[in-house]
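Coordinate inspection notes
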Amino acid sequence: MERGIVFWRIIKRGSCPLVGAYPLRGGTDPEVKTMTNLSEIREQSARAAEAVCEAARLRAGDLFVVGCSSSEVIGDQIGTNSSLETAEAVFEGIYGTLQKRGIFLAAQCCEHLNRALIVEREACEKFDLEEVNVIPQPKAGGSFGTTAYRRFADPVAVESLC
């Protein structure tokens, strides 16, 4: 496991493997506090995503779910230090890896948006997901969800993956 980035949980729902990435807990860890180099965060995120794709045997068309607290990535308590720059670094590392493999990314928003997920419209249509009308913001949806919404070619928010 890469320290300061994420640990991964793999589940399977129906015929679609879902991979969830959740932020590493423990914001007081001094090693996490020192990991502020954005290129290091980007590289570790890419390596972690690659490792999960290999371990889960993900294929093109699968869906990879990430819930990310940028506050926790930089070693602070969840929701206390939202950072677009950190979220962008994590997003770039993960999304770049997934795009090369043809895997869809679903970025989970925070509780302020009822944990809605940001996906590309193509994924929404493929998995027959229900679109909701919301646009995440750093303090209302989270920096990672906001970054996904800004970077996807045709982003939509969905209520759930069920």
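Up top is the structure these notes are about.
In short, a report on the structure. (Residues numbered from 1 in each chain as written. Predicted model: local features only at pLDDT ≥ 70, side-chain atom pairs only at ≥ 80, totals over all residues. Heavy atoms only, no water.)

Some points on the overall build of the protein chain
When you go through the protein chain residue by residue, the secondary structure sums to six helices and seven strands. Going from N to C terminus, the protein chain has its helices and strands arranged as β-β-α-α-β-α-α-β-β-α-β-α-β. For the protein chain, the proportion of its 162 residues judged to be buried stands at 50%. Partitioning the contacts of the protein chain with sequence separation of at least 6, the portion at a separation of at least 24 is 68%. Total accessible area computed for the protein chain in this model is approximately 8,100 Å², and 48% of it derives from carbon and sulfur atoms. (Helix = DSSP H or I, 4+ residues; strand = E, 2+ residues; numbered from the N terminus. Buried < 20%, exposed > 50% of the residue type's maximum accessible area, 1.4 Å probe, protein only. Contact = heavy atoms within 4.5 Å. Areas by Shrake-Rupley, 256 points an atom, 1.4 Å probe, with all protein chains shown as cover.)

Considerations on the nonpolar core
Across soluble globular proteins, you tend to see nonpolar side chains buried next to one another. If you look at the biggest cluster of nonpolar residues, it comprises 26 residues, and the most contacted ones within it are F64, I94, L105 and F144. Where this core is concerned, the elements lending two or more residues are α2 (38-56), β3 (63-67), α4 (84-101), β4 (104-108) and α6 (143-151). Looking at this core, the element that brings in the most residues is α4, giving seven residues. In terms of nonpolar packing, the next biggest core, distinct from the first, is built from twelve residues, A106, L117, V119 and C124 among them. (Core = buried A, V, L, I, M, F, W, Y, C linked by side-chain atoms within 4.5 Å.)

Notes on the pairing of β4
Among the five residues that make up β4, four are buried, leaving the element largely enclosed by the rest of the structure. As judged from the five bridges shared by β3 and β4, these two strands associate in the parallel manner. Across the sheet, the residue bridging to F64 is L105, located in β4. Relative to strand β5 (residues 117-120), β4 runs antiparallel, the two sharing two bridges. (Pairing = 2+ DSSP bridges.)

Notes on the packing of α2 against α4
For the pair α2 and α4, interaxial distance at closest approach is 8 Å and the crossing angle is 35 degrees. For the pair α2 and α4, the sense of crossing is right-handed. Listed contacts from α4 to L38, I41, R42, S45, A46, A49, E50, C53 and E54 of α2 are E85, T86, A89, V90, E92, G93, I94, T97, L98 and R101. Residues belonging to the contact of α2 with α4 are distributed by class as follows: nine nonpolar, four polar and six charged. (Axes fitted to C-alpha atoms, helices over the stretch in contact; angles between N-to-C directions. Left-handed = near helix turned anticlockwise from the far one by under 90°. Nonpolar A, V, L, I, M, F, W, Y, C, P; charged D, E, K, R; others polar.)

Quick look at the side chain of E120
Structurally, E120 is set in strand β5. There is no salt bridge for the buried E120, and the closest opposite charge comes from R121, which lies 7.9 Å off by N-O distance. In terms of polar contacts, E120 uses its side chain to reach the side chain of Y95, at 3.0 Å. Excluding anything up to four places from it in sequence, E120 contacts Y95, F152, A153, D154, P155 and V156. (Lys, Arg positive; Asp, Glu negative; His and termini not counted. Salt bridge = Lys/Arg side-chain N within 4 Å of Asp/Glu carboxyl O. Polar contact = N/O pair within 3.5 Å; in protein donor to acceptor, adjacent residues only side chain to side chain.)

Describing the pattern of salt bridges
For the structure on display, the rule yields six salt bridges. Among the salt bridges present, the one from E54 reaches R101, with a minimum N-O distance of 2.4 Å. On the criterion of sequence distance, the pair formed by E54 in helix α2 and R101 in helix α4 is long-range, its members being 47 residues apart. Residue R151 is joined to E92 by a salt bridge in which the shortest nitrogen-to-oxygen separation is 2.9 Å.

Considering α4
With 18 residues, α4 extends 25 Å from end C-alpha to end C-alpha; this agrees with the ideal 26 Å at 1.5 Å per step. For α4, the full list of buried residues reads T86, A87, A89, V90, F91, G93, I94, Y95, T97 and L98. In the stretch just after α4, G102 is the one whose phi turns positive, near 75 degrees. (Expected span 1.5 Å × (residues − 1).)

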